[in-house]
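# Observations on the model geometry
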Amino acid sequence: MASTHTNEAVFQTRVLPVPTADLGCFKGREALETWELPSDVSALAHIQEAASYLQTQNIPVAFPTETVYGLGADATRSDAVLGIYKAKGRPSDNPLIIHICDLTMLRSLLVSPGAQVSDAESIPDIYKPLIKRFWPGPLTILLPNPIPSKLAPEVTAGLKTFGARMPSSPLALSLIRLSGVPIAAPSANASTKPSCTTADHVFHDLHGRIEIILDGGACTVGVESTVVDGLCSPPVVLRPGGVSIDDLRQCEGWEGVVKGYKDSSEVGASAPRAPGMKYKHYSPKAKVVLYEDSDETTDFFPEGHMVHGDGATLGQILSLGVVCTRHWDCAPDSQPESHNPIKAVFESKLIAGKTNGKGTKELKLRSKDGSWVLLTQISLGGETKDIAHGLFSALRELDERGVDVIYVEGIKDEGDIAAAVMNRLRKAATVIVEPR
Ligand code: TXA
Ligand code: MG
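Residues numbered from 1 in each chain as written. Chains lettered and ligands numbered in written order. Predicted model: local features only at pLDDT ≥ 70, side-chain atom pairs only at ≥ 80, totals over all residues. Heavy atoms only, no water.

With that settled, the discussion passes to the nonpolar core. Counting residues in hydrophobic clusters, the biggest one holds 83 residues, and the most contacted among them are Y127 and W135. The leading source of residues in this core is helix α6 (residues 170-179), at 6 residues. Sequence-distant contacts of W135, that is, excluding residues within four places in its chain, are made with L32, I100, L103, L106, L130, I141, A164, R165 and M166. Among the nonpolar cores identified, the runner-up in size contains 30 residues, and V68, V288, L398 and A428 belong to it. (Core = buried A, V, L, I, M, F, W, Y, C linked by side-chain atoms within 4.5 Å. Buried < 20%, exposed > 50% of the residue type's maximum accessible area, 1.4 Å probe, protein only. Helix = DSSP H or I, 4+ residues; strand = E, 2+ residues; numbered from the N terminus. Contact = heavy atoms within 4.5 Å.)

Laid out in structure tokens, this is it:
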């Protein structure tokens, strides 16, 4: 396989496929007490290889979860955890999520090394309805970290709590079970880039920096887990994600949960004044211009926003990307009910033979001054679930195509998973265009 040439160690990166097969199940499914491996372990060979590697090496292993791909290391060993920060190129001041395969493993982390693990009472009551309803799944809960702790101090970045998540991906659960240790894992993207939802994305970002990528296909959810803190009152959602705030509110003790992140009501505050100085996150190479959802139809005018965005002018734009969700469609063959946001400035022409059938279209645009622009349009569909699933992939695909600017049609920031989608987009955006 290919490798990158950096000043750091260069590794051969292998992508190990894992077949869709029986990879295990919970014993007493309701209780989530123990994740058991299947009796036929033939499908587990590559997971076993990755697990053995995790136990002994200090280079992390990439693996799929239902949300995004993670970059995992033994959470109990400092050298292994430091390997994550090295591979990602990210500063080590951000705490990592601990992935556990069952409640038995979680309880063992709530007591100090050598201490007796007591019964279920060690898990704070506030989390019990959430665990019952959302685990295994895209929810991370903050728990008190005992002193001393079995977890390496680098995992928690000096905080008194640690974030724990039981993923629903059987591949991830079996990897943790076979490793026999909790796995610390941030998203497996290079620092500042959009998260990875396929093994190809991980290979693109990290080849040469890690040795093993487990390939379990595309992630189903597509955005990261919801992070909640139930140790304070009222409980707080620290990061919106795969479990919606509306669903959290239905659980006992969580009716009054508050948002600890910026939503649409604070867009003005979060919109960058000096784009170059903004802390980058989830960002493709291209400039991202995000249109907040509006009941009115919006047109985009590249010249205006490019000047606003980074000083470039229309004459310099050769290639544009557009991510359409509910209403936009720039193509000349668009449905009558859709809205064409470029019509006022450009005439568009479908480039024959370039429609790939996956919602991606290449268009040639002629502006009123007669110049030509290439536009790649990716349509994610109108369903929030599909938008979440395809979002990071779309941003990455447009980057691969080398577009200069990506225009994104935002969606209404409601109490569902749309909150996670818009949260990531606002962080990725160079410019946010608010409704008129
Ligand atoms: O879906 C996910 O959560 C993915 C997959 C791989 O599981 N992981 C992920 O990890 O997104 P990462 O490192 O990219 O994001 C971890 C988030 C950060 O926002 C971090 O600040 C927060 O969780 N977090 C972790 N531990 C925390 C703690 N003790 N206190 C507050 N926030 C914490
Ligand atoms: Mg991340």
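The subject of this paragraph is the environment of W328. Along the chain, the position of W328 falls in the loop between β15 (319-324) and β16 (346-350). Residue classification places W328 among the buried residues on the basis of a relative accessible area of 6%. Ignoring anything within four residues of it in the chain, the contact list for W328 reads Y291, T298, F300, V322, V323, H339, P341, Y407, V408 and E409.

Quick look at the packing of helix α7 (residues 199-206) against helix α11 (residues 384-400) now. Their axes nearest at 12 Å, the elements α7 and α11 cross at an angle of 50 degrees. On the basis of the axis angle, α7 is oblique to α11. When you trace α7 past α11, the crossing you get is left-handed. Residues H201, H204 and D205 of α7 touch α11, and the partners they reach there are S393, R396 and E400. Grouping the amino acids of the contact of α7 with α11 by side-chain chemistry returns no nonpolar, 3 polar and 3 charged. (Axes fitted to C-alpha atoms, helices over the stretch in contact; angles between N-to-C directions. Parallel < 35°, antiparallel > 145°, perpendicular 65-115°, else oblique. Left-handed = near helix turned anticlockwise from the far one by under 90°. Nonpolar A, V, L, I, M, F, W, Y, C, P; charged D, E, K, R; others polar.)

What follows concerns the site of ligand 1. Close contacts around ligand 1 come from 23 residues, with T67, H99, R165, S225 and R239 the closest. N94 places a side-chain nitrogen or oxygen 3.1 Å from an oxygen atom of ligand 1. In the environment of ligand 1, an oxygen atom lies 2.5 Å from a nitrogen or oxygen atom belonging to the side chain of S225. Contact with the protein chains hides 88% of the accessible area of ligand 1, taken as 680 Å² for the molecule alone. If you list the elements that add at least two residues to the shell around ligand 1, you get β6 (97-99), β8 (161-165) and β12 (236-239). Element by element, the count of residues in the shell around ligand 1 is highest for β8, at 4 residues. Residue composition of the shell around ligand 1, by class: 11 nonpolar, 8 polar and 4 charged. (Near = heavy atom within 4 Å. Polar contact = N/O pair within 3.5 Å; in protein donor to acceptor, adjacent residues only side chain to side chain. Areas by Shrake-Rupley, 256 points an atom, 1.4 Å probe, with all protein chains shown as cover.)

This brings us to helix α12 (residues 418-428). Most of α12 sits inside the fold, with 10 of its 11 residues counted as buried. Of the positions making up α12, those classed as buried are A418, A419, A420, V421, M422, N423, R424, L425, R426 and A428.

A separate point is empty space enclosed by the protein. Scanning all chains against the criterion turns up 1 cavity of 30 Å³ or more. Lining the largest cavity are 15 residues, with P240, V243, S244, I245 and A419 sitting closest to its centre. Within the residue set of the lining of the largest cavity, elements represented by two or more residues are α8 (245-249) and α12. Residue composition of the lining of the largest cavity, grouped by class: 9 nonpolar, 4 polar and 2 charged. (1 Å grid on protein atoms, 1.4 Å probe; cavity = no way out; pocket = protein on both sides within 12 Å on 5 of 7 lines; lining within 4 Å. Points joined across faces, edges and corners; volume = space filled by probe spheres on them.)

Once that is clear, we can look at helix α1 (residues 45-56). End to end, α1 covers 17 Å across 12 residues, agreeing with the expected 16 Å (1.5 Å per residue, within 8%). Inspection of α1 places I47, A50, A51, Y53 and L54 among the buried residues, and these make up the whole buried set. Here the buried residues of α1 occupy an arc of 160 degrees about the axis, which is enough to place them on one side. For α1, the secondary structure elements touched by its buried residues are β4 (61-64), β5 (69-74), α6, β9 (183-184) and β10 (212-215). (Expected span 1.5 Å × (residues − 1). Arc of directions from axis to C-beta.)

This next bit is on the environment of K128. As for its position among the elements, K128 is in helix α4 (residues 128-134). Looking at K128, the relative accessible area reads 29%, which means it is partly exposed. K128 sits 124 residues away from E252 along the chain, and the two C-alpha atoms are 9.1 Å apart.

This paragraph deals with the sheet that holds strand β1 (residues 14-17). Taken in spatial order, the 11 strands of this open sheet run β1-β10-β4-β5-β9-β6-β8-β7-β11-β12-β13, and their pairing is mixed. Where the open sheet ends on each side, the last strands, each with one partner, are β1 and β13 (258-259). For β1 and β10, the ladder comprises 4 bridges, and the chain directions are parallel. The residue of β10 that forms the bridge with R14 is I212. Strand contacts of helix α2 (residues 78-88): β5 and β9, with the helix running at about 145 degrees to β5, the strand carrying the most contacts. The sheet strands contacting α7 are β1, β4, β5 and β10, and the helix crosses β10 at an angle near 165 degrees. (Pairing = 2+ DSSP bridges.)

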